[in-house]
Every structure is written in C-alpha cells, then in structure tokens.
Amino acid sequence: MLVTSKKRYLPTTINTLVLAKNDDFFYIHRDVYDKAIILNDSFTLDELISNIEPQNNLSAIHYFYENSPAPINILAPFLGLVVEGLPEDIEILTGAIHVITAATDVKAFTRIHTELRKTLEFSLYIQEEYEMAWERFFMTSIPYEERNTLINTQAQPIQEVPINNPAEEKIENTTLPDFKSNTDELIEVDDEFSKEMEKEKLRNILQIDDMNI
C-alpha cells in the first residue's frame, strides 16, 4: 500500500508508516517500505533504470523521484511499466506505484530475466484501481487535527466509588449498652446483698447468745 494526500492523517491500518516531502504526506505499508529500503541500498536511480529498462513515462519517473521522500522514491523506475501517458502529478504517480507494488514483488522483479519483465505492463486504467483502495484508507484514518478530541472522548475519567466496609457499617449501626447505668445497678444490688448478709450475721449472733443464756 502506498497513499499520498495533502492532508495529514493518523492511520489506523496496522504496520503503516508516514513520510513527508514538500507539502505531501505519504502512507506506506511496512512490507513495501522494507522492499524500498532494500532497493535503495542496492541501486542508484540510474542503476535501477538500467536494470528495469523502462520504455515509457521517463519524465514521470524523474518527477516522482524528485518529489517523493526516500526510500520510496527509488520505486520511480517501475512507472515505466505503465503504458505511455502518465502525467507529472504526484497523486496519480503514487497511485500507480500503489497498484504496481500490490501486484508485483518489486524486489524480486529486478532479478528475473529481461524478456520476462517486458511481458508485464499496466494500463492507464490504473488510476481507477487505486482510487477505491485509497477511499477505504481515508475512511478508516483519523484526521490529524482531530486526534486530541478523539483521545479526550475515549479517555473516561475514573470515578471514585465509596466502598462500604460491612464491619464498620455494623459497628456504626449497633447501639452499645450503657455501661455506666448497668454498673450503677450492679453497685446498688451489691449494697443490698451486703446489708442482708450483715443482718444474717446479726441474727446468728443473737441466736448463739440466747443458747448460752
């Protein structure tokens, strides 16, 4: 996948990288990016042109190379696989590369026989092929200026919920006995018991004295 736009987006498609050149943003899948890295390390522009031997769109090839960021600009010679007629338009040329990289392993293409390479050709209807894929990409991407709004919407504040401790609740709702009043009652009962005991002792003494008499 290779997409370009004047407007910046946050891709939601996994393994998508974002590059920029001039006023254009380029969105490229990791697989295509890795192949472009290998080609960029293996060839200069002139060497890759000599390898592919493009017969068409030579001006478009140089235009794309100058107006797209490295390393994807090394893919420019593959525009020669499209029949003559590609304009010097960065969107159309990027769309053409999108279709070519989706249908062809560009890294392996440089190693196949020259005669076999000449059998691969793309028509100018290539524009219609990339427009649908790009539309799906933009529909699932987030406009860059809306990123903060989206983050704030998704981030729900943490609400503190009071946790009731059953043990504490039980203590709070339990009426404790009035120990002071109960203690007073116990003291009074004890005093009465002591008085009765004293009386009993006195009666016993009196009985003994009577018996002695």
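Residues numbered from 1 in each chain as written. Predicted model: local features only at pLDDT ≥ 70, side-chain atom pairs only at ≥ 80, totals over all residues. Heavy atoms only, no water.

**Section: unusual backbone geometry**
Heads up, the rule is: Numbering of helices and strands runs from the N terminus, with a helix taken as a DSSP run of H or I at least four residues long and a strand as a DSSP run of E at least two residues long.
Residue Pro-71 follows Ala-70 across a cis peptide bond; omega there is 5 degrees. Along the polypeptide, Pro-71 turns up in the loop between helix 3 (58–67) and helix 4 (90–103).

**A few points about the pairing of strand 4 (residues 24–29)**
This is how the line gets drawn: Between any two strands, at least two bridges found by DSSP are needed for them to pair.
Where strand 1 (residues 2–5) meets strand 4, four bridges bridge the pair, whose relative direction is antiparallel. Looking at strand 4, one finds that Val-3 is bridged to Tyr-27. Two elements, strand 3 (residues 16–21) and strand 4, share six bridges in a ladder whose sense is antiparallel. Along strand 4, the bridge assignment pairs Thr-16 with His-29. Here strand 3 hands over to strand 4 after two residues, with Asn-22 in that stretch at a positive phi of 60 degrees.

**Examining the environment of Phe-109**
Applicable threshold: Burial classes follow relative accessibility: with a 1.4 Å probe on protein chains only, a residue under 20% of its type's maximum area counts as buried, one over 50% as exposed, and anything between as partly exposed. It only takes one pair of heavy atoms within 4.5 Å for two residues to be counted as in contact.
On the secondary structure map, Phe-109 appears in helix 5 (residues 106–109). Here Phe-109 falls in the buried class, since its relative accessible area comes to 3%. For Phe-109, the contacting residues outside a window of four places in its chain are Ile-52, Phe-78, Leu-81, Thr-104, Arg-117 and Leu-120.

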